[in-house]
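# An overview of the molecular structure
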Amino acid sequence: MLLEGKRILVTGVITEQSIAFNVAKIAQEQGATVVLTGYGRLSLVERIAKRLPVTAPVIELDATNPEQLAALADNVRGYVDGLDGVVHSIGFAPATALGGTFLQTTWEDVATAVHVSTYSYKALAMATLPLMPHGGSIVGLTFDATVAWPVYDWMGVAKAGLESASRYLANYLGDQGIRSNLVSAGPLRTMAAKSIPGFEKFEESWTERAPLGWNLTDTVPTAKAVCALLSDWFPATTGEIIHVDGGYHALGA
């Protein structure tokens with residue numbers, strides 16, 4: 001199996017519609033031992049964890065909390081003796097940073113979006129680094145930040161920062177055998193997407209124009225790409241962004 005014997009930490013599971021849920025599910029089906037992290041409503045994450053093929057343990061983690069980050073490695077060791085892969089599926093922006101109010105957003109709200117959605121990638125990598133002494137794979141999720149999207153606003157800026165941060169991690173962690181890659185998914189009707197005012201503006205264009213078509217509710221293709229990057233089948237790939245968007249990114253305006 002693709003991830004036989006691998007130990008994987010997956011963040012960002014909120015509901016069964018989460019990309020992270022299907023990452024955890026497919027990883028288990030492919031032979032991995034999975035540990036989850038949750039933020040806020042841990043009881044909800046624990047309930048969702050029971051719907052996986054094998055109930056996964058859940059560790060509390062606020063990726064902006066230095067104390068919780070410092071304790072993460074020891075908490076993970078309570079379930080596995082190390083990690084082979086880490087999935088970053090963390091993102092948040094205040095409502096004022098989305099929906100067309102780009103010019104009015106305050107620095108305080110921008111700072112929150114960047115801290116949670118961008119800096120947390122590096123913070124999570126460093127928190128789990130002691131668990132990967134023999135190398136590993138860190139995979140994050142982005143939404144194509146090479147262009148400006150309607151209503152995505154400062155989250156688009158934060159994702160651009162995430163894409164750059166992944167390249168820098170690839171540079172600085174490569175000599176330790178750690179790969180850093182991102183999967184750029186098309187629009188999906190996850191809980192995170194529902195919080196973006198005007199998100200439906202993405203949907204019609206994508207479903208009509210993507211060469212392979214696009215299913216707004218199917219997170220499995222994205223999750224499969226994440227699992228592939230966690231596996232040993234991409235041993236020399238780092239600093240990369242894999243598009244799972246039906247081919248939409250390849251088209252002109």
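This one's a predicted model, so the numbers in the text were calculated from it and none came from an experiment.

Across the interface, helix 1 (residues 19-29) lies against helix 8 (residues 220-230) with an axial gap of 8 Å and an inter-helix angle of 55°. Between helix 1 and helix 8, the crossing angle belongs to the class labelled oblique. Considering only the axes of helix 1 and helix 8, their crossing is right-handed. Between helix 1, through I19, N22, V23, I26 and A27, and helix 8, the contact on the second element is made entirely by V220, T222, A223, K224, V226 and C227. Its residues assigned to classes, the contact of helix 1 with helix 8 comprises 8 nonpolar, 2 polar and 1 charged.

A word on the sheet that holds strand 2 (residues 33-38). Spatially, 3-2-1-4-5-6-7 is the arrangement adopted by the 7 strands of the open sheet, whose pairing is parallel. With one partner strand each, in any of the chains shown, strand 3 (58-60) and strand 7 (241-244) form the two edges of the open sheet. Adjacent strand axes in the sheet meet at a mean angle of 20° when their direction is disregarded. Bridging between strand 6 (residues 178-185) and strand 7 involves 4 bridges; their strand directions are parallel. Bridge pairing links V183 to I242 in strand 7. With respect to the sheet, helix 1 is in contact with strand 1 (7-10), strand 2, strand 4 (85-88) and strand 5 (136-142), its orientation differing from that of strand 2 by roughly 160°. Against the sheet, helix 8 engages strand 1, strand 4, strand 5, strand 6 and strand 7, with an angle of about 170° to strand 6.

To continue, consider the pairing of strand 6. Counting buried residues along strand 6, 8 of its 8 residues qualify, which places the element largely inside the surrounding structure. Alternating positions in strand 6 separate into two faces, I178, S180, L182 and S184 on one and R179, N181, V183 and A185 on the other, with burial throughout. Of the pairings in the sheet, the one linking strand 5 to strand 6 comprises 7 bridges and is parallel in character. By the bridge assignment, I138 is partnered in strand 6 with S180. After leaving strand 5, the chain enters helix 5 (residues 153-173) and then returns to the sheet as strand 6, a path that is right-handed.

So, about the UniProt feature "binding site: substrate" (unreviewed entry) in the chain. What UniProt calls "binding site: substrate" (unreviewed entry) maps, in this numbering, to A93. Note on placement: A93 falls in the loop between strand 4 and helix 4 (107-128). When neighbours within four sequence positions are excluded, A93 is seen to be in contact with L98, A113 and M155.

Turning our attention to the packing of helix 4 against helix 5. At a minimum axis separation of 9 Å, helix 4 and helix 5 run at an interaxial angle of 20°. Of the possible angle classes, the one that applies to helix 4 and helix 5 is roughly parallel. The interaxial crossing formed by helix 4 with helix 5 has right-handed handedness. In this structure, helix 4 uses V110, A113, V114, S117, T118, Y121, K122 and A125 to contact helix 5, whose residues at the interface are W154, M155, A158, G161, L162, S166, L169 and L173.

Take the nonpolar core next. Within soluble globular proteins, side chains that are nonpolar tend to cluster in buried spots. Formed by 55 residues in total, the largest nonpolar core has its most connected members in V10, V23, V34, L36, V183 and V226. Here this core gets 7 residues from one element, more than from any other, and that element is helix 1. Sequence-distant contacts of V226, defined by excluding residues within four places in its chain, comprise V23, V87, V139, L141 and V183. Counting 26 residues, the second-largest nonpolar core is a separate cluster that includes L72, A73, I138 and L173.

Let us look at the side chain of T37. Its location among the elements puts T37 in strand 2. Apart from residues no more than four positions distant in its own chain, T37 is found in contact with L9, V10, T11, G12, V45, V58, I59, L61 and L72.

It is worth spelling out the UniProt feature "binding site: NAD(+)" (unreviewed entry) in the chain at this point. As annotated in UniProt, the feature "binding site: NAD(+)" (unreviewed entry) corresponds to G12, S18, I19, I90 and K159 in the numbering used here. With respect to the helices and strands, the residue G12 is situated in the loop between strand 1 and helix 1. Not counting residues up to four positions away in its chain, the partners in contact with G12 are S18, A20, T37 and S89. Its location among the elements puts S18 in the loop between strand 1 and helix 1. Since its relative accessible area comes to 7%, S18 is described here as buried. Sequence-distant contacts of S18, that is, excluding residues within four places in its chain, are made with G12, V13 and T219. In this structure the side chain of S18 is engaged in a polar contact, spanning 3.0 Å, whose partner is the backbone oxygen of T15.

About the criteria used
- Along each chain, residues carry numbers from 1 onward, in the same order as the chain's sequence is written.
- Since the coordinates come from a predicted model, pLDDT governs what is reported: local features require at least 70, and pairs of side-chain atoms require 80 or more to be given and counted, while whole-chain, interface and lining totals use all residues.
- Based on all heavy atoms of the structure, the side-chain values leave hydrogens and waters out of the count.
- Note on geometry: axes are C-alpha line fits, over the in-contact stretch for helices, and angles between N-to-C directions span 0 to 180 degrees.
- The way it works is that DSSP assigns letters per residue, a run of H or I at least four long becomes a helix, a run of E at least two long becomes a strand, and they are numbered from the N terminus.
- Put simply, angles under 35 degrees are roughly parallel, angles over 145 are roughly antiparallel, angles from 65 to 115 are roughly perpendicular, and the rest are oblique.
- Left-handed describes a crossing in which the near helix is turned anticlockwise from the far one by less than a right angle; the clockwise case is right-handed.
- Only heavy atoms matter for contacts: two residues are in contact if any of them lie within 4.5 Å across the pair.
- The residue classification treats Ala, Val, Leu, Ile, Met, Phe, Trp, Tyr, Cys and Pro as nonpolar and Asp, Glu, Lys and Arg as charged. All others, Gly included, are polar.
- Strand pairing requires that DSSP identify at least two bridges connecting the strands.
- Each residue gets one of three labels from its accessible area relative to the maximum for its type: buried under 20%, exposed over 50%, partly exposed in between, using a 1.4 Å probe on protein chains only.
- Here, the term right-handed applies to a crossover whose path from the first strand over the helix to the second runs clockwise when the strands point away from the viewer.
- UniProt positions are given in the numbering used here, feature names are shortened, and annotations may be inferred rather than shown by experiment.
- Residues belong to a common nonpolar core when they are buried Ala, Val, Leu, Ile, Met, Phe, Trp, Tyr or Cys residues joined through side-chain atoms within 4.5 Å.
- Residues adjacent in sequence count toward polar contacts only when both atoms are side-chain atoms; beyond that, a polar contact is any pair of N or O atoms within 3.5 Å, and within protein one must be able to donate a hydrogen and the other to accept it.

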